[in-house]
Amino acid sequence: MSNTSFKQLSKIENFVKETNIYFNKDILAIEQIPDAGVGIVATTDIPRDTIIVKIPKSSIFTSKTCTINNLLTEETIDGIMGIHLAVLYELFVFKESKSHWYDYLSFIFEDCLIEDRKDGFYLPPGYWCSEEKALLKGTLLDCQYDGLKKHKDIITIYKQFVTTAYKWKQECDLEIPKILQNKNYYHLTEEELDAEVTKKEEDLLNSDVRFLQFIEIGYIISSRVFEIDCYHLFGLVCIVDLFNHNSKEDIHFENDYDVCEICGKLECGHMVETDEDSELDSNEEGEEEGEGEDGESEDESSDESGNENEISTHHDQNDVCEIRAIHDIQKGQQIFNTYGKFSNAVLLLKYGFVVENNPYDKVSLVQEFNEVVDLISGVEKVDIEKRLKWWKEEGVFLLDEELDDEESDEEEEDGEGESNKDGEEEDDELLDENIEEEEGEEENESDIIEEEDDISDDVDIETFWKDKIFIDTVGEASPFLERLCVILAMNNEQFDVKKLQLQPDLLEDIKSSEIKQLLTLSLKMLKKILNKKKLFKIPENLPDLPNIKEIKKMLLIENDIILKCKENFNLQ
Ligand SMILES: C[S@@+](CC[C@H](N)C(=O)[O-])C[C@H]1O[C@@H](n2cnc3c(N)ncnc32)[C@H](O)[C@@H]1O
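Residues numbered from 1 in each chain as written. Predicted model: local features only at pLDDT ≥ 70, side-chain atom pairs only at ≥ 80, totals over all residues. Heavy atoms only, no water.

Under an unreviewed UniProt entry, the name given to the protein is SET domain-containing protein, and the source organism is Hanseniaspora valbyensis NRRL Y-1626.

Draft legend 1. The arrangement of unusual backbone geometry in detail. Phi at Asp49 is positive, roughly 75°, even though this residue is not glycine. For Asp49, the location among the structural elements is in the loop between strand S3 (38-42) and strand S4 (51-56). Overall, Asp49 belongs to the partly exposed group, its relative accessible area being 40%. One non-glycine residue, Ile239, adopts positive backbone phi at about 75°. Within the secondary structure layout, Ile239 lies in the loop between strand S6 (234-236) and strand S7 (244-245). (Helix = DSSP H or I, 4+ residues; strand = E, 2+ residues; numbered from the N terminus. Buried < 20%, exposed > 50% of the residue type's maximum accessible area, 1.4 Å probe, protein only.)

Draft legend 2. Quick look at the sheet that holds strand S9 (residues 320-325). In spatial order, the strands read S1-S4-S9-S8; together these four strands make up an open sheet with antiparallel pairing. Edge strands, defined here as strands with exactly one partner in the open sheet, are strand S1 (22-23) and strand S8 (251-254). As judged from the five bridges shared by S4 and S9, these two strands associate in the antiparallel manner. Each bridged residue has a counterpart across the sheet, and for Ile55 the counterpart in S9 is Cys321. (Pairing = 2+ DSSP bridges.)

Draft legend 3. Up close: the pairing of S3. Of all five residues making up S3, five are buried, and the element is well covered by its neighbours. Burial along S3 is two-sided: the face carrying Val38, Ile40 and Ala42 and the face carrying Gly39 and Val41 are both buried. Strand direction decides the pairing type here: strand S2 (residues 28-32) and S3, joined by five bridges, are antiparallel. Across the sheet, Glu31 pairs through a bridge with Gly39, a residue of S3. Linking S2 back to S3 in an antiparallel pair, the connection comprises five residues, with Asp35 at a positive phi of about 60°. Here two bridges tie S3 to strand S10 (residues 334-337), and the two strands are oriented antiparallel to one another. Across the sheet, Val41 pairs through a bridge with Gln334, a residue of S10.

Draft legend 4. View of the pattern of salt bridges. Under the counting rule described, the total for this entry stands at 29 salt bridges. The partner of Lys549 in a salt bridge is Asp35, with the nearest N and O atoms 2.9 Å apart. Placement of Lys549 in helix H26 (residues 548-568) and of Asp35 in the loop between S2 and S3 is noted, with a sequence separation of 514 residues between them. In this pair, the class of Lys549 matches that of Asp35, namely exposed. Residues Glu371 and Lys532 are paired through a salt bridge, measuring 3.6 Å at the closest nitrogen-oxygen approach. (Salt bridge = Lys/Arg side-chain N within 4 Å of Asp/Glu carboxyl O.)

Draft legend 5. Just helix H25 (residues 513-532), in detail. The terminal C-alpha atoms of H25, which comprises 20 residues, lie 29 Å apart, in line with the 28 Å expected from a rise of 1.5 Å per residue. Buried within H25 we find Ile515, Leu518, Ser522, Met525, Leu526, Ile529 and Leu530. Down the axis of H25, the smallest arc covering the buried residues is 135°, so these residues share one side. Residues Ser513, Lys516, Gln517, Thr520 and Lys524 are exposed on H25 and point more than 90 degrees away from its buried face. Buried positions along H25 lie against helix H16 (366-375), strand S12 (470-472), helix H22 (479-489), helix H23 (492-497), helix H24 (504-507) and H26. (Expected span 1.5 Å × (residues − 1). Arc of directions from axis to C-beta. Contact = heavy atoms within 4.5 Å.)

Draft legend 6. Quick peek at the packing of helix H10 (residues 197-207) against helix H11 (residues 209-224). At a minimum axis distance of 5 Å, the contact between H10 and H11 shows a crossing angle of 105°. If you check the angle between H10 and H11, you find them roughly perpendicular. Across the interface between the two elements, Glu201, Leu204, Leu205 and Ser207 from H10 touch Val209, Phe211, Leu212 and Ile215 from H11. Split into classes, the residues belonging to the contact of H10 with H11 amount to six nonpolar, one polar and one charged. (Axes fitted to C-alpha atoms, helices over the stretch in contact; angles between N-to-C directions. Parallel < 35°, antiparallel > 145°, perpendicular 65-115°, else oblique. Nonpolar A, V, L, I, M, F, W, Y, C, P; charged D, E, K, R; others polar.)

Draft legend 7. Quick peek at the packing of aromatic side chains. Applying the stated criterion across every chain yields a total of 21 aromatic pairs. Relative to Phe214, the ring of Phe161 has its centre 5.8 Å away and its plane inclined at 85°; by these criteria the two rings are edge-to-face. Taken together, the residues span a long stretch of sequence, with Phe161 in helix H7 (residues 154-172) and Phe214 in helix H11 at a distance of 53 residues. Taking relative accessible area as the criterion, Phe161 reaches 0% and is therefore assigned buried. The class for Phe214 is buried, based on a relative accessible area of 1%. Taking the centre distance of 6.3 Å and the plane angle of 90° together, the rings of Tyr339 and Phe353 count as edge-to-face. With Tyr339 in the loop between S10 and helix H15 (344-351) and Phe353 in the loop between H15 and strand S11 (362-364), this pair connects stretches of sequence that are 14 residues apart. For the pair Tyr339 and Phe353, one class covers both residues: buried. Linked through ring pairs, Tyr158, Phe161, Tyr185, Phe211 and Phe214 together constitute an aromatic cluster. (Phe/Tyr/Trp six-rings, centres within 6.5 Å; stacked < 30°, edge-to-face > 60°.)

Draft legend 8. Broad picture of the site of the ligand. Around the ligand there are 20 residues in total, and Thr4, Ala36, Val38, Asn244 and Tyr351 lie nearest to it. A distance of 2.8 Å separates a nitrogen atom of the ligand from a polar atom in the side chain of Asn244. When the ligand is considered free in solution it has 570 Å² of accessible area, and contact with the protein chains removes 95% of it. Secondary structure elements with two or more residues in the shell around the ligand: H11 and S7. Taken together, the residues that form the shell around the ligand break down as ten nonpolar, seven polar and three charged. (Near = heavy atom within 4 Å. Polar contact = N/O pair within 3.5 Å; in protein donor to acceptor, adjacent residues only side chain to side chain. Areas by Shrake-Rupley, 256 points an atom, 1.4 Å probe, with all protein chains shown as cover.)

Draft legend 9. Summary view of the nonpolar core. Residues Ile68, Phe109, Phe214 and Ile239 are the most contacted members of the largest nonpolar core, which totals 91 residues. If you tally residues by element for this core, the top one is helix H3 (residues 79-98), at twelve residues. Apart from residues no more than four positions distant in its own chain, Ile68 is found in contact with Leu85, Ala86, Tyr89, Phe94, Trp168 and Leu174. Val379, Ile515, Leu530 and Leu555 belong to the second largest nonpolar core, which has 68 residues in total. (Core = buried A, V, L, I, M, F, W, Y, C linked by side-chain atoms within 4.5 Å.)

Draft legend 10. Representation of the sheet that holds S10. Here four strands make up an open sheet; going across it, the order is S2-S3-S10-S7 and the pairing mixed. Since the sheet does not close on itself, it has two edges, and those belong to S2 and S7, each with one partner.

Draft legend 11. Up close: the environment of Leu193. Mapped onto the elements, Leu193 comes out in helix H9 (residues 190-195). Classification of Leu193 as buried rests on a relative accessible area of 2%. Taking the C-alpha atoms as reference points, Leu193 and Ile469, separated by 276 residues in sequence, lie 37 Å from one another.

Below, the structure written as structure tokens:
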């Protein structure tokens, strides 16, 4: 768990004061929360729309505000990777005497600063011991997210950071953070690393405790980081990162994402110049549209720093992120943020905890589905494969849209469409992206942190369809699994000629005897799949292992869902 220590709160108080963070102590308190580190509690009734925290963007730790920002820019390392490298320098090189961020960072990374630590590292499940991982085999975390495997990019990032640190030492005599002191890796070529990447990682994990610290720091960052804007990208936001997660949130994190990508201001010389340039361009005869919006004109404008400063100073006052109460909050209540519409598997993978009564929780049926598909008789194997291919490439997306449309219709009927006017739905989506994904995985975003019902253009097809094969939190089969069973139960005429798979209305028309028979067959298939799902065995005397509490919770929650499902479908 990425929790902080209540004993160290004075550090945060110092930092808040020094950096002009507005944290209304008359209405909020930082308190110790059982099994969740610290959290924020309302000390009085708080009316809806109250701004409870305000943070100047300059007080957010990002790759642009850190001490080594110019080096990172030269090296084009930004986003979460930039934060990771910067944290190593603030904590282990600049330290208390030279780092403006030390009070805040040493609060979040307190354990990482303990000298000679040998164990108790906070690591993603892929780095847990084999006994712990064995207990989680077959869970959603394993089947859907491959969460018991090590993270393939970590060692490459480590190698890149080591090389960069040695280069900075040579070029500007900058001390190398102790975690990155590894001459072997400095001399290692990328080809040599690629050739034996798994073995090299195993060797490092077994021989160098500093590599574990490196992974730990990356994991802590990933569990606390927020998306800020198109200039800073991601950042660690003091105070805002103390709100714990609940699927029902009490607050919204509000900030302007669209700022100038060159200087980060809301309005600035760059933007003014660019607008003027494009106006000029559009007035010039015979010139093509879009000319004048290129990098050159932007570079020219950035040279005119005098003008820019005037505007910047004025707009600095607006460069703040705010936390707003989205409904009335009662005195004494813990105030929750939501990290996203995440199942417990994602919560465990990304943040190291699981929650009971999670409406987005589910149990994977991918293995059971594949086993039953292998046993289907009456339809040729090639036809089954053809249908599965169609489903993965087209069908699953069609049904996703169909369900989205149904949901919007229902919302309109319930009058919920009004929330759109307030922008609340858009805000939800933004929030889901606030705590962003693990380092190095930017391209596989959809694997883990995408809002679960969101289709993105570059979605990984295998991940997408598998993610839809589950039992939901109330023990019902997912509509995707139900539809897939119908499709696999069709005869070739129904699939190829009548194209019933493209006519959901017909499928629901149970008056037709042909459809009735099809639905009976598909229900039989569905029950076969559900029947194959077995309860997880939880040993009575669980070994005393570091993550055993969360593992046990996870297994009990998955078992509870499986039991509800067996009851719903009258299965043994
Ligand atoms: C952004 S921090 C929140 C503040 C944190 N509790 C602390 O002590 O600093 C995220 C971490 O808080 C913990 N956390 C957040 N919500 C939780 C919850 N509902 N139950 C248990 N732990 C939670 C997890 O350790 C997670 O990695």
